[in-house]
Amino acid sequence: MKITLVRHGQTDDNFSGIMQGRRNVLMNDTGRRQCQMLRMRLEDKHFDYCYMSPLTRTVETAMILIGDKVEMIPDPRIIERDMGELDGKPREMYNDYKYWNYDYIDKEFGVESAQSILKRCDEFLNYLKTKYTDESILIVTHEAPYRALRHLIRGDKLKGNLLDGVINNCSCETFEYE
């Protein structure tokens, strides 16, 4: 199966450095333009299905990317990380290195652990494996599930710090997944 991961387009909170977590925030005009540019890059690619987080910014991203060409399926397992008390707060309050350490399980500020994100994303990938074999799947999600899915698809060792680079708005990668 072929999996294409996409992070949603920019929101005003992304631009302002505000943690949005699971708040239902719309994309801004820059985000919509990012999606339109990505749509042009993907126009020669065929997708059989599109899975997306149920939050508005991912649904809007998916609509811009593929319109009504394929079935779009919302799935709560690929929703953004629960940011707890940090939701709506400045990004400077969020310690990437601490919260992406696989072994860090403290519920400080109520932030969802890396282990929890990886678990639900692993359940999602296992579901896809049981349902599809040769299909091409578009997954539109958020920064945290994108990172978790990428680690799982690549078969990375899940220990220590899993922070591995920046995942910008409208980032897109395609993987072969068995």
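Cut-off values and rules
Residues numbered from 1 in each chain as written. Predicted model: local features only at pLDDT ≥ 70, side-chain atom pairs only at ≥ 80, totals over all residues. Heavy atoms only, no water. Helix = DSSP H or I, 4+ residues; strand = E, 2+ residues; numbered from the N terminus. Rg over C-alpha atoms; globule rule 2.2 N^0.38 Å. Buried < 20%, exposed > 50% of the residue type's maximum accessible area, 1.4 Å probe, protein only. Contact = heavy atoms within 4.5 Å. Areas by Shrake-Rupley, 256 points an atom, 1.4 Å probe, with all protein chains shown as cover. Lys, Arg positive; Asp, Glu negative; His and termini not counted. Charge placed at Lys NZ, Arg CZ, Asp CG, Glu CD. Phe/Tyr/Trp six-rings, centres within 6.5 Å; stacked < 30°, edge-to-face > 60°. Expected span 1.5 Å × (residues − 1). Salt bridge = Lys/Arg side-chain N within 4 Å of Asp/Glu carboxyl O. Pairing = 2+ DSSP bridges.

Caption draft 1: Examining the overall build of the chain more closely. For the chain, the count of helices and strands is six helices and five strands. When the elements of the chain are put in sequence order from the N terminus, they spell out β-α-α-β-α-β-α-α-β-α-β. Relative to the globule expectation of 16 Å for 178 residues, the C-alpha radius of gyration of the chain, 16 Å, shows essentially globular dimensions. Dimensions of the chain along its principal axes, counting C-alpha atoms only, are 45 × 35 × 25 Å. Within the chain, the proportion of its 178 residues that are buried is 48%. Taking the intrachain contacts of the chain between residues at least 6 apart in sequence as the baseline, contacts between residues at least 24 apart amount to 74%. Total accessible area on the chain is roughly 8800 Å²; 48% of this is exposed by carbon and sulfur atoms. Taking the average place of the 26 positive charges on the side chains of the chain and the average place of its 30 negative ones, the gap between the two points comes to 2 Å.

Caption draft 2: Main features of the packing of aromatic side chains. Per the counting criterion, the structure on display carries six aromatic pairs. Pairing Tyr 51 with Tyr 127 gives two aromatic rings, centres 6.3 Å apart and planes at 80°, and the pair type is edge-to-face. One end of the pair, Tyr 51, is in strand β2 (residues 49-52); the other, Tyr 127, is in helix α5 (residues 114-131), with 76 residues separating them in the sequence. Judged by relative accessible area, Tyr 51 falls into the buried class, the value being 1%.

Caption draft 3: Main features of α5. A rise of 1.5 Å per residue sets the reference length of α5, with its 18 residues, at 26 Å; its end C-alpha atoms lie 26 Å apart and thus fit the reference within 8%. Listed in full, the buried residues belonging to α5 are Ala 114, Ile 117, Leu 118, Arg 120, Cys 121, Phe 124, Leu 125 and Leu 128. Summarising the contacts, the buried residues of α5 are in contact with β1 (2-7), β2, α4 (96-99), β4 (136-141) and α6 (143-154).

Caption draft 4: Quick look at α6. Between its first and last C-alpha atoms α6 spans 17 Å; for 12 residues at 1.5 Å apiece the expected length is 16 Å, and the two agree. Of all 12 residues making up α6, 11 are buried, and the element is well covered by its neighbours. Among all positions of α6, only Glu 143, Ala 144, Pro 145, Tyr 146, Arg 147, Ala 148, Leu 149, Arg 150, His 151, Leu 152 and Ile 153 are buried. Packing partners of the buried residues in α6 comprise β1, α5, β4 and β5 (172-176). Positive phi appears at Gly 155, one or two residues downstream of α6, with a value of about 75°.

Caption draft 5: Fine view of the environment of Leu 128. Here Leu 128 is to be found in helix α5. Considering only alpha carbons, one finds Leu 128 and Ile 3, 125 residues apart in sequence, at a separation of 9.9 Å. Setting aside anything within four residues of it in sequence, one finds Leu 128 in contact with Met 1, Ile 3, Tyr 51 and Ile 139.

Caption draft 6: The arrangement of the side chain of His 8 in detail. For His 8, the position within the fold is in the loop between β1 and α1 (12-16). With near-sequence residues (within four places) excluded, His 8 lies in contact with Asn 14, Gln 20, Arg 57, Thr 58, Thr 61, Thr 141, His 142, Asn 169 and Cys 170.

Caption draft 7: Region of interest: the environment of Phe 15. On the secondary structure map, Phe 15 appears in helix α1. Put simply, Phe 15 and Val 59 are 44 residues apart on the chain and 19 Å apart in space, counted from C-alpha to C-alpha. Those residues in contact with Phe 15, other than ones at most four positions away along the chain, are Gln 10 and Asn 28.

Caption draft 8: Representation of the pattern of salt bridges in the model. Scanning the model with the defined rule gives 19 salt bridges in all. Taking the shortest distance from any N to any O, the salt bridge between Lys 2 and Glu 176 comes out at 3.8 Å. Taken as a pair, Lys 2 in strand β1 and Glu 176 in strand β5 lie far apart in primary sequence, 174 residues in all. Of the residues examined, Glu 176 reaches a relative accessible area of 57% and is grouped as exposed. Beyond isolated ion pairs, a larger network of salt bridges with shared partners links Arg 7, Arg 91, Asp 96, Glu 143, Arg 147, Arg 150, Arg 154, Asp 156, Asp 164 and Glu 173.

Caption draft 9: The pairing of strand β3 (residues 71-74), seen in detail. Summarising the sheet, β2 and β3 pair through four bridges and their orientation is parallel. Of the residues in β3, the one forming a bridge with Cys 50 is Met 72.

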